[in-house]
Amino acid sequence: MTTPLERWVDEQAKLCKPDKIHWCDGTEEEARRIVEIGIKEEKIGNTPVFQELNKEAWPDTYFHRSHPTDVARTEKLTFICHPDKETAGPNNNWMHPDEAKEKLRKLFDGCMKGRTMYVLPYMMGNPDSPYAKACIQITDISYVAVSMRIMTRMNKTAIKKIGNRDDFVKGLHSVADFDPNKRFIMHFPEEHLVWSIGSGYGGNALLGKKCFSLRIASYLGLKEGWLAEHMVILGIEDPKGNVTYMTAAMPSACGKTNLAMLESALPGYKVWILGDDIAWLNVGPDGRLWAINPETGLFGVAPGTSTKTNPNMLKTLKGKKFYPTLFTNTALNTDSNEPWWEGLDGDIPKNLIDWQGKPWRAGQETKAAHPNSRFTVSIYNAPTLSKEFDNPKGVPISAIILGSRRTKLIPLVVESFDWEHGVFMGVRIGSETTAAAIHKEGVLRRDPMAMLPFCGYNMGDYFRHWLNIGKKLKNPPKIYAVNWFKVDENGKFMWPGFGENIRVLEWIVKRTQNKVGAQDTALGRMPHLKALNMKGACVSAKELKKLFEVNPAEWKAEISDINKFLDQFGSHTPKEIRNQCKKLEDSFKKECAKVH
Ligand code: OXD
Ligand code: MN
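Residues numbered from 1 in each chain as written. Chains lettered and ligands numbered in written order. Predicted model: local features only at pLDDT ≥ 70, side-chain atom pairs only at ≥ 80, totals over all residues. Heavy atoms only, no water.

A. Up close: the pattern of salt bridges. The tally for this structure, following the rule as stated, stands at 36 salt bridges. As a salt-bridge pair, Asp109 and Lys17 come within 2.5 Å of each other at their nearest N and O atoms. Remark: Lys17 occurs in the loop between helix H1 (4-16) and strand E1 (20-23) and Asp109 occurs in the loop between helix H4 (97-108) and strand E8 (116-124); sequence separation between them is 92 residues. Taking the relative accessible area as the measure of exposure, Lys17 reaches 35% and is therefore partly exposed. Of the charged contacts, one joins Asp177 and Lys182 as a salt bridge, the two residues approaching to 4.0 Å between their closest N and O atoms. What makes Lys182 partly exposed here is its relative accessible area of 36%. Connected through salt bridges with shared partners, the residues Lys209, Lys210, Lys256, Asp277 and Glu295 form a single ionic network. (Salt bridge = Lys/Arg side-chain N within 4 Å of Asp/Glu carboxyl O. Helix = DSSP H or I, 4+ residues; strand = E, 2+ residues; numbered from the N terminus. Buried < 20%, exposed > 50% of the residue type's maximum accessible area, 1.4 Å probe, protein only.)

Rendered as structure tokens:
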């Protein structure tokens, strides 16, 4: 008797017509064999899929150069295929599932001729966790097969868990011929299904990540009463050894990974990482919010990673524990066969080739490493991995941090008055784009909860879902807006960031323990400046004060912009969120009246 899983794989094989089918077991020996195939047999254009890097400096580490058109997530080509457009919402590209399937079936037909179809069984979350999900991805490229081994718990357990069920999470992926005009990432939330074709890039091709663990999982969370979020999970250990767990949502280029791996500037504090990208949040039997990270790997941006910004990441990358580590689209030092990127410590090597393999000299206008060049490394290599990482229950969350990059407006840290007010802080997140992003520099992009590209349904309903989760929490986490990026009148950042952010985290920890007071303002609760531990920090008293200054005129424009953003969700926007907006507007009016 064949199982539904075997039948499904069989159907995909009939469609894609591979030469061979390989069911992966997720072992290291198997990964070594697949990497070998990527070095010796598989190519993208004329470039082998993998190249081994300097063994002494970078053990078990391989370099991958992508197709030049395939270097980032492609939001334009990403669709959420609910039967009706309204459920997908204005935040998503929508296509009817029948139309999407018809379109893609033609592209998948025969796309694996001459290739191997890899069947990858994997778990998102510890298989012993009640929150974990059993999944299968099919792919036709060694790079994705090996990356999925790093990013997920890939082994036969998933097959056992699936057993005779047919509601398992299904992903069909092919790089096909990398044609950007035939590239699509289609999600079918009702069927727990993703079809992705034409791209080998992480967010488009590692279907357990953004596609399942955020887009599909956010919809499952809506149906099942939990949250799938674009958040890091970290534990802050205080000098007495108590650990407080937090999650943090931040749009890209706000230092999310650096926060999860922070090296404390305050003696006695340690930060333990549990996740750098995705958190699944459930209401526990105790009425607290519990978080697991469904992933097991870190897929991070290389440029800017250095001993100053993220020393623990460099240790993780050099560490040898879980096979293998990958670099994608960095530059290469051809003398030493090592990866290189802008921002790495030390002198610029003399002989470099850029991410496309062309000779590159310092001072050249183009970047040597692609701005979105990446590493893929196991979280088990991190020296600061929390001992609770594999706990099937997850960790109880005491604080949720909502970050954004704003050169004005948002103070260094503000605590919400309550859950509803905190949800409003998340809804109104907007971040200024940087040169590294594809968007224009310095433009504000609204990105509620940093989930705009990842919410698998109408965001108005998502806001409502957040409010509903709050009602189920007996002991909800406190919620904080933070902003490390305020500048002075000369455009200089006033807050040193990185390891110094522990000063803000320490205040948050003390707030969750009711050990320190706060002052109420129109925006929320802010620290008494003396309550922040600024010993040894290079921030003047004047700058510190400015980091908390609030300008009512700027907020007037902001509130109007938030309201405009919310308009697009029409009646799906909860009235509670509109009321929060109104309340904020009124309190600024009152403050202005007091001044005049
Ligand atoms: C990521 C992203 O790669 O958010 O994590 O784009
Ligand atoms: Mn992310």
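Anyway, onward from the coordinates.
B. Spotlight on the domain arrangement of the chain. Segmentation of the chain into domains returns domain 1 (4-47 + 72-225), domain 2 (228-295 + 386-554) and domain 3 (299-381). Distance between the C-alpha centres of domain 1 and domain 2: 32 Å. Of the residues lining the interface, 36 residues belong to domain 1; the matching set on domain 2 comes to 29 residues. For the pair domain 1 and domain 2, the summed buried surface comes to about 2,700 Å²; carbon and sulfur atoms form 54% of the total. (Domains from an automatic or database assignment. Contact = heavy atoms within 4.5 Å. Buried area = accessible area lost by both parts, 1.4 Å probe.)

C. Quick peek at the sheet that holds strand E22 (residues 331-333). Spatially, four strands are ordered E23-E22-E24-E25 in an open sheet, and the strand pairing comes out antiparallel. Both edges of this open sheet fall to strand E23 (338-340) and strand E25 (359-360), since each of them pairs with a single strand only. Where E22 and strand E24 (residues 352-353) come together, two bridges link them in antiparallel fashion. Looking across to E24, one finds that Asn333 is bridged to Leu352. (Pairing = 2+ DSSP bridges.)

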